[in-house]
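Descriptive structure summary
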Amino acid sequence: MIDVETLNKMAKNATSTLRLILGDQLNINHSWFKKVDDQVTYVMMEIRSETDYVQHHIQKVIGVFAAMQNFAKELLQLHHKVIYIKLNDENNLQSFNKNLDALVLKNSFSCFEYQLPDEYRVDQYLKDYCKALSITNNVTDTEHFYSSRAELGNLFEGKKTYLMETFYRYMRKKHHVLIIDGDKPLHGKWNFDEDNRQKLPKNHTPNSPLLFTNDVSEIDIEIKKTSIKTIGVVNSKNFLWPINRSQSLQLLDFFVKKCLPLFGTFQDAMAPNEWSLYHSRLSFSMNIKLISPQEVVNRAIEEYTNRSIEIEYNQLEGFVRQIIGWREYMRGIYWLKMPEYASLNYFDHTEKLPQWFWTGKTKMNCLKNAITQSLQFAYAHHIQRLMITGNFALLAGVNPNEVDAWYLGIYIDAFEWVEITNTRGMSQFADGGIVGSKPYVSSATYINKMSSYCSGCYYDKSKKTGDKACPFNSLYWNFYDKHEAKLSRNPRIGMMYNVWRKMEPTAKAQLLEQADYYLKHINEL
Ligand SMILES: Cc1cc2nc3c(=O)[nH]c(=O)nc-3n(C[C@H](O)[C@H](O)[C@H](O)COP(=O)(O)OP(=O)(O)OC[C@H]3O[C@@H](n4cnc5c(N)ncnc54)[C@H](O)[C@@H]3O)c2cc1C
Ligand code: SF4
């Protein structure tokens, strides 16, 4: 196999067209690669503008670079011409435009092409770059998603709300997924969520996750030579994430065989030392396009069809909904609402994230677990992101910019198009209800219902005030009290305001006092 260093030499005879492949555009089935063309040279680059726009988890930087290098090798094996600019190459000018300009000048390319970026920032950047470019340029689709950028906007044109369920049904019908008799949902219902979401039983031991043992230490060494600031830790001799298509397909196979049968049932469950339970951990592979959402959905349906006596339908439908529904929906909202979306702050929250979000050193067991595993694995599953870290940040009144930067950095699957809509929208309600119809906040009751964190906690889940009272309990009521003007007319939470209004004035005052104390001592919780 020819190594990456030799790739530049191979491209010496570059002629006409230069095509840029971004680090999250590793789709080998793209029509670009269907035939080998001597007139086309592909360029991939590891650059500081991408490593530094936010502080990323070390596993995210390594994972993306490792997958990019493998992708370049794969293209080369297929006899495509590739220029690969590594992080510390002397000719690396560390930004797209500078590297592209240098290549165009040196190789006299007559045309520049790129695929639609998923991120607004890069999209604008490349549009501007092309405006100033003197050679022909073209942009093409990534051929990855089920829906186009504008499809959700078109579907909801003239509507005031953007219900995910409406979009999901539209997608199921359009792509004929789990549909019978033309446009009817299989098994008579669109959504089987009520059969899902149980707590993990006491004696239940989930499957161990499939972990890879990739040696990515060379990339780690190159990153350490730079001043790139990262979060978290990595075992670079045994890197656990998939870094090529074949490993991504192995992970998909593992998921459908071992995890799909209980995916829906334990989708919202949380337990100490169980970092991924029955979740697929396919988001990284999908988001950098090593595998497509279509092949993930089709493989899950195939497994269900082959084992339909053993695998209940609610497990499959719950999984398909995450991909055909939520993933595509979030992308549609992103392209409909950007760039304004990135500065929405419905509650005018201004606080800073507590310091322990960067260390996991807090006495709150639920947060300690969710943050520690995020630092260790660059991963937390949906309910940990939403109902533990996100819930706390919202109750604590943290500025959504801070919350966004944390989520965009820490998770291996974090790319703005899917991160910001989940964080600013679903988790922080900073969009005032575009994505969700009410804020996702809870007291200890929900956390204790879905996890076993509370039994090992310094704080007492059932205490609202006084020594060792669980902070979630008072912060929860404090949040509703503070935002009454904005929330009390919301029909989905009116009931909570009835409870709050009926509460004894002294009990209310004690709760608010307790919350105030906790907010003032947030770094010590
Ligand atoms: C605050 C917050 C931030 C998030 N940030 C990201 C992010 O940066 N990148 C990201 O891919 N997902 C993000 N999500 C959505 C979701 O949590 C992750 O997709 C999921 O945890 C990834 O793990 P998995 O592959 O094991 O997912 P599984 O539980 O196995 O789900 C299967 C797939 O469904 C898709 N999916 C599920 N839920 C969502 C959702 N709400 N939005 C979009 N796709 C979804 C993902 O592609 C995922 O791989 C975020 C959620 C929250 C609440
Ligand atoms: S008692 Fe409160 S802080 Fe502790 S784990 Fe439960 S919810 Fe979290």
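All residue numbers here refer to positions counted from 1 along the written sequence of the relevant chain. The lettering of chains begins at A and the numbering of ligands begins at 1, in the order of writing. Only residues with pLDDT of at least 70 are given local features in this predicted model, and only at 80 or more are side-chain atom pairs given and counted; all residues enter the totals for whole chains, interfaces and linings. Computation of side-chain values: all heavy atoms of the structure, hydrogens and water removed.

**Details of helix 9 (residues 245-259)**
Here helix 9 is 15 residues long and its end C-alpha atoms lie 20 Å apart, about the 21 Å a rise of 1.5 Å per residue gives. Exposure is judged per residue with a 1.4 Å probe applied to protein chains only, and the accessible area is read against the type maximum: over 50% gives exposed, under 20% gives buried, and values in between give partly exposed. Helix and strand assignments come from DSSP, with helices taken as H or I runs of at least 4 residues and strands as E runs of at least 2, each series counted from the N terminus. The set of residues buried in helix 9 consists of R245, Q247, S248, L251, L252, F254, F255, V256 and C259. Polar contact is the term for a pair of N or O atoms within 3.5 Å; when the atoms are in protein, one must be able to donate a hydrogen and the other to accept it, and sequence-neighboring residues count only if both atoms are side-chain atoms. At the N-terminal boundary of helix 9, the capping side chain belongs to N244, with an oxygen 3.3 Å from the backbone nitrogen of S246. What a helix is expected to span follows from its residue count: subtract one and scale by 1.5 Å.

**So, the pairing of strand 1 (residues 17-20)**
Residues T17 and R19 line one face of strand 1 and the alternating positions L18 and L20 line the opposite face, and both faces are buried. At least two DSSP bridges between two strands are required for those strands to pair. Note that strand 1 and strand 4 (residues 111-115) share 4 bridges and pair parallel. Each bridged residue has a counterpart across the sheet, and for T17 the counterpart in strand 4 is C111.

**Some details on the site of ligand 2**
Here, proximity means that at least one heavy atom of the residue falls within 4 Å of the molecule or strand. Close contacts around ligand 2 come from M364, N365, C366, A444, I447, Y453, C454, C457, Y459, K461, C470 and F472, and that covers them all. Contributing elements (two or more residues each) for the shell around ligand 2: helix 13 (365-377) and helix 17 (444-450). Basically, the charged four are Asp, Glu, Lys and Arg, the nonpolar ten are Ala, Val, Leu, Ile, Met, Phe, Trp, Tyr, Cys and Pro, and anything else, Gly included, counts as polar. For the shell around ligand 2, the per-class residue count stands at 10 nonpolar, 1 polar and 1 charged.

**Notes on the pairing of strand 5 (residues 136-140)**
Relative to strand 5, strand 4 is paired through 5 bridges, and the arrangement is parallel. For E113, the partnering residue across the bridge sits in strand 5 and is N138. Taking the sense of rotation as the criterion, the β-α-β connection linking strand 4, helix 5 (residues 120-131) and strand 5 turns out right-handed. The handedness rule is simple: strands pointing away from the viewer, and a clockwise path from the first strand over the helix to the second, make the crossover right-handed.

**Observations regarding the sheet that holds strand 3 (residues 81-85)**
The strand order across the open sheet built from 5 strands is 3-2-1-4-5, with neighbouring strands paired in parallel fashion. The sheet is open, and its two edges are formed by strand 3 and strand 5, each paired on a single side. Within this sheet the neighbouring strands show an average axis-to-axis angle of 20 degrees, counted without direction. It only takes one pair of heavy atoms within 4.5 Å for two residues to be counted as in contact. The angle between two axes is taken between their N-to-C directions and runs from 0 to 180 degrees, where each axis is a line fitted to C-alpha atoms and a helix contributes only its stretch in contact. Each of strand 2 (40-45) and strand 3 touches helix 3 (residues 58-77); the most contacted strand, strand 3, lies at about 155 degrees to it.

**Considering the site of ligand 1**
Residues in contact with ligand 1 amount to 29 residues; listed here are only the nearest, H279, S280, R281, Y379 and N422. R281 is positioned such that a nitrogen or oxygen atom in its backbone is 2.7 Å from an oxygen atom of ligand 1. Within the backbone of S283, one N or O atom sits 3.1 Å away from an oxygen atom of ligand 1. At the level of secondary structure, the elements contributing two or more residues to the shell around ligand 1 comprise helix 10 (283-287), helix 12 (313-337), helix 14 (382-395) and helix 16 (416-427). Among the elements that line the shell around ligand 1, the one with the most residues is helix 12, at 6 residues. Broken down by class, the residue content of the shell around ligand 1 amounts to 14 nonpolar, 10 polar and 5 charged.

**Concerning the nonpolar core**
The term nonpolar core refers to a set of buried residues drawn from Ala, Val, Leu, Ile, Met, Phe, Trp, Tyr and Cys, joined through side-chain atoms within 4.5 Å. Ranked by internal contacts, the top residues of the largest apolar core, which has 152 residues, are L367, F392 and Y480. Apart from the residues lying within four places of it in its own chain, the contact partners of Y480 are V441, L487, I493, M496 and Y497. Listed in part, the 21 residues of the second largest apolar core include F96, F109, Y114 and V122.

**Section: unusual backbone geometry**
Glycine aside, the phi torsion of most residues is negative, and most peptide linkages are trans. Cis peptide bonds are those with omega within 30 degrees of zero, and the linkage from M338 to P339 qualifies with 5 degrees. When you line up the elements, P339 lands in the loop between helix 12 and helix 13. At A378, a position not held by glycine, the phi torsion is positive, near 60 degrees. Tracing the chain through its elements places A378 in the loop between helix 13 and helix 14. Located in the positive-phi region is F429, a residue other than glycine, with phi close to 55 degrees. Within the element layout of this structure, F429 appears in the loop between helix 16 and helix 17. For F429, a relative accessible area of 3% puts it in the buried group.

**Thoughts on the pattern of salt bridges**
A side-chain nitrogen of Lys or Arg and a carboxyl oxygen of Asp or Glu constitute a salt bridge if their distance falls within 4 Å. Counted under the stated rule, the structure contains 32 salt bridges. Of the charged contacts in the structure, one is a salt bridge between K289 and D118, with a shortest N-O distance of 2.4 Å. Separated by 171 residues along the polypeptide, K289 in the loop between helix 10 and helix 11 (293-306) and D118 in the loop between strand 4 and helix 5 bring together distant segments of the chain. The burial state of K289 is the same as that of D118; both residues are buried. The network of salt bridges with shared partners includes D253, K257, R299, E302, E303, R307 and E310.

**Description of the environment of L155**
Examined against the element boundaries, L155 turns out to sit in helix 6 (residues 151-155). Judged by its relative accessible area of 26%, L155 falls in the partly exposed class. Not counting residues within four places of it along the chain, the set of residues in contact with L155 comprises F167 and Y170.

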